[in-house]
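Residue-level structural notes
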Amino acid sequence: MLVRRTDAIDALADPGAAGWGAIAAETVKLMPAPAAMQPTRYIATKWRDQAYGAVASLDVQGVHDGATIAFRLRWRDSAKNAVRFENTDFPDAAALLFPLAADAPLFMGAPGQPVNLWYWRADFPERARSDVASGIGSSRVVDDTAITARAAHDGEFWSVVLRRALKVQANAAESVQLEPGQRLRTTFAVWEGGNLERAGIKAFAPQWVELAIEA
Amino acid sequence: MNARTDVGRMMEGQVVTPKRQLAMVFDLNKCLGCHTCSISCKRQWTREEGMEHQWWAVVNTMPGKGTPKDWEGMGGGWNAEGEPNPSRIPLRDEYGDAWQFNKQEVFHGGKGVETYLAPTNPDGSKPGWGPNWDEDEGGGEYPNSHFFYLPRICNHCTHPACLEACPRGAIYKRDEDGIVLINDKQCKGFRFCMEACPYKRIYYNHVRDISQKCIFCFPRVEKGVAPACARQCPGRLRFVGYLDDENGPIHKLVHQWKVALPLHGEYGTQPNVYYVPPLSPPRVDANGKVDPSKPRIPLDYLESLFGPRVAEVLEVIKAEKEKKARGEASELMDTLIVYKWPEDIFPDFTVDPAEL
Ligand code: SF4
Ligand code: SF4
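These lines cover the structure that appears in this document, whether it is placed above or below. (Residues numbered from 1 in each chain as written. Chains lettered and ligands numbered in written order. Predicted model: local features only at pLDDT ≥ 70, side-chain atom pairs only at ≥ 80, totals over all residues. Heavy atoms only, no water.)

1. Let's talk about the overall build of chain A
- Along the backbone of chain A there are one helix and 13 strands.
- Seen in sequence order, chain A has helices and strands lined up from the N terminus as β-β-β-α-β-β-β-β-β-β-β-β-β-β.
- For 215 residues, the compact-globule estimate of 2.2 N^0.38 gives 17 Å, and the C-alpha radius of gyration of chain A, at 16 Å, lies within 12% of that figure.
- With the principal axes as the frame, chain A shows a C-alpha extent of 50 × 40 × 30 Å.
- By residue count, 53% of the 215 residues in chain A fall in the buried class.
- Counted over contacts in chain A with a minimum sequence separation of 6, partners at least 24 positions apart contribute 64%.
- As displayed, chain A has an accessible area near 9000 Å², and 51% of this comes from carbon and sulfur atoms.
- Positive and negative charge centroids in chain A, built from 23 and 25 side chains respectively, lie 3 Å apart. (Helix = DSSP H or I, 4+ residues; strand = E, 2+ residues; numbered from the N terminus. Rg over C-alpha atoms; globule rule 2.2 N^0.38 Å. Buried < 20%, exposed > 50% of the residue type's maximum accessible area, 1.4 Å probe, protein only. Contact = heavy atoms within 4.5 Å. Areas by Shrake-Rupley, 256 points an atom, 1.4 Å probe, with all protein chains shown as cover. Lys, Arg positive; Asp, Glu negative; His and termini not counted. Charge placed at Lys NZ, Arg CZ, Asp CG, Glu CD.)

The following block contains the structure:
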């Protein structure tokens, strides 16, 4: 997937901006994260016979202007879950995952092979968290200001634009560093909050997506 | 405090146990249902925003639906094969929410005669349940109606279902005293623990997006001070101590006299709060005659809570009580009576917090 260079990135801050129509989208197929990858027996047993991870695909677009990168994620979800008050409230969420080590496994990394997650959740629609993880259950917040977000739900789809500086100084080692001309890998996950999806109960992309950041 | 330890986890078919285990024994024959325990805990630990509805210590009237409503039928814990029992997250209203009252309207709005003081849930809905919703209702029909009070906290279980359910390893059991704690820096509010705990003693803090529960007053315990609920209890029925301390009341009641029983041991988590089951007056038959052969609180009901040893335990207590009444010595009765407070009830935790 090509992250196109543009000189009008601010015109694409809004997920509904007309300019996104001109940017090619990559459709990423998703599947439920397998029961065998659930970290505890309780979770595996509870969800064994329950449907989850039903979001089948995600449309991804990316642009940059040499300083800032923006991704737009768009997926079907006809029930918006953005509130978190009741004990059973789990907001809708989505994440991008970037390896910080060459062979980091796609499912949350591994010890010594960390991954950087950009995690957006509908109860904080205007920002995304940057997390680092070295295996299932190990994610930790690195920063919650570097990635800004704008989100819209149109009754049928979530559209979320995530923006970050290509390079970040704070927590540099735990954040993916990007530059024009770079090729790297990423993958995605989506949580349907209305189905109480959280943690490893999610739809995820079982393969890396190759990103090419236009020079 | 991030180190993930094996204490409390099933490893190769064996639960890893802590070096020592703190426990409580509640003598149900002495509970007044005054809720001083619940209030002292509330004042000490759950006064912050997001904790308004949290009651780490509760006192339920039994028979009754409890806190949260009908928690006994919700599942969780371990089945006979040692597999986790699926359950669900109880709702705020099922625990009993932090009600707001129309005080302004009733007391100052001039509507005192037209309307009445009524609670509202924070989301505007009408409460359907609360922590003491069915207080003093109990069971049975007059003249055999009956009830007793059941104080409940987190049981700091030997094999905690909450701990094993957490995908983040955020719940740990301390090796030095077996206290089960949620590390609030590691917790991400996923709430699998709330599902897995069969006693439903975990609350969700929506402001901090974390799960919270009874901490056995560990900062007090570390300074030799008894947990607030135990120290404030006017009934003096909440014994605290180490299970392996042969001179302490816990060991005496649980292991020596064997009169303190776990609540719903069949849930499989091996709780470390034990209960001395309640005696009750005799039943009265249809003709109004007292039938001393049958207790007012049905035995099968008590067995459904405390297991098959209830009858045996009640016999021991009755026999020792009679001994004492005859002026004979009874170590068991002396232990339960607690002549000297605090040294007889929590011998290792006698420090007065006012003196720290
Ligand atoms: S009572 Fe529930 S919350 Fe407390 S240790 Fe046992 S399983 Fe965990
Ligand atoms: S403070 Fe003691 S007597 Fe009062 S309700 Fe609690 S356990 Fe019972």
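2. A few points about the environment of Leu163 of chain B
Residue and element names in this part refer to chain B.
- Positionally, Leu163 belongs in helix H4 (residues 161-165).
- For the pair Leu163 and Ser304, spaced 141 residues apart in sequence, the C-alpha to C-alpha distance is 26 Å.
- Setting aside anything within four residues of it in sequence, one finds Leu163 in contact with Val7, Gly8, Arg9, Ile171, Tyr172 and Lys173.

3. Here's the deal with the sheet that holds strand E12 (residues 238-242) of chain B
All names here are of chain B.
- The mixed open sheet is built from four strands, whose spatial order is E12-E3-E14-E13. In this open sheet, the two edge strands, each paired with only one partner strand, are E12 and strand E13 (261-262).
- One ladder, built from five bridges, connects strand E3 (residues 22-27) with E12; its direction is antiparallel. Among the inter-strand pairings, Phe26 is bridged to a residue of E12, identified as Arg238.
- Packed on one face of the sheet, helix H8 (residues 249-256) meets E3, E12 and strand E14 (273-276) and runs near 95° to E12. (Pairing = 2+ DSSP bridges. Axes fitted to C-alpha atoms, helices over the stretch in contact; angles between N-to-C directions.)

4. Section: the site of ligand 1
- Residues in close proximity to ligand 1 include Cys154, Asn155, His156, Cys157, Pro160, Ala161, Cys162, Cys197, Tyr199, Ile202 and Lys213 of chain B, which together make up its full environment.
- Tallied by class, the residues present in the shell around ligand 1 amount to eight nonpolar, two polar and one charged. (Near = heavy atom within 4 Å. Nonpolar A, V, L, I, M, F, W, Y, C, P; charged D, E, K, R; others polar.)

5. Describing the pairing of strand E10 (residues 157-165) of chain A
Residues and elements named next belong to chain A.
- Across the nine residues of E10, eight count as buried, placing the element largely inside the fold.
- In this sheet, E10 lies alongside strand E5 (residues 68-76) in antiparallel orientation, the contact comprising nine bridges. What sits directly across from Trp75, in E10, is Trp158.
- The sheet contact formed by strand E9 (residues 140-153) and E10 spans six bridges and is antiparallel.

6. Focus: the pairing of strand E13 (residues 209-213) of chain A
All names here are of chain A.
- Counting buried positions along E13 gives four out of five residues, so the element sits mostly inside the fold.
- Relative to E13, strand E1 (residues 2-5) is paired through two bridges, and the arrangement is parallel. The partner of Val3 across the bridge, within E13, is Ile213.
- As judged from the four bridges shared by strand E11 (residues 183-191) and E13, these two strands associate in the antiparallel manner.

7. Focus: the pattern of salt bridges
All names here are of chain A.
- Under the criterion given, the structure shown has 32 salt bridges over all chains.
- The closest approach of N and O atoms between Arg84 and Asp123, which form a salt bridge, is 2.7 Å. Here the residue Arg84 occupies a position in the loop between E5 and strand E6 (93-99), and Asp123 occupies one in the loop between strand E7 (115-121) and strand E8 (127-133), the gap between them amounting to 39 residues. Across the pair, exposure class does not vary: Arg84 and Asp123 are buried alike.
- Residue Arg121 is joined to Asp123 by a salt bridge in which the shortest nitrogen-to-oxygen separation is 2.8 Å. (Salt bridge = Lys/Arg side-chain N within 4 Å of Asp/Glu carboxyl O.)

8. Things to note about the environment of Ala151 of chain A
Residue and element names in this part refer to chain A.
- Residue placement: Ala151 occurs in strand E9.
- The exposure class of Ala151 is partly exposed, given its relative accessible area of 31%.
- Remark: the alpha-carbon pair of Ala151 and Arg127, spanning 24 residues in sequence, is separated by 9.4 Å.
- Once you skip the residues sitting within four places of it in the chain, Ala151 turns out to touch Pro15, Trp120, Pro125, Trp158, Ser159 and Val160.

9. Details of helix H1 (residues 36-45) of chain B
- Restricting attention to buried positions, one finds in H1 of chain B the residues Cys37, Ser38, Ser40, Cys41 and Lys42 of chain B.
- For H1 of chain B, the elements touching its buried residues are strand E4 (58-62), helix H7 (228-232) and E12 of chain B.

10. Things to note about helix H10 (residues 310-325) of chain B
Residues and elements named next belong to chain B.
- Over its 16 residues, H10 runs 22 Å from end to end, which matches the ideal 22 Å to within 8%, given 1.5 Å per residue.
- Considered for burial, the residues of H10 that qualify are Val310, Val313, Leu314, Ile317 and Glu320. All buried residues of H10 lie within an arc of 130° about the axis, which places them on one face of the element.
- Where H10 terminates, the next one or two residues include Gly327, which has phi positive at roughly 85°. (Expected span 1.5 Å × (residues − 1). Arc of directions from axis to C-beta.)

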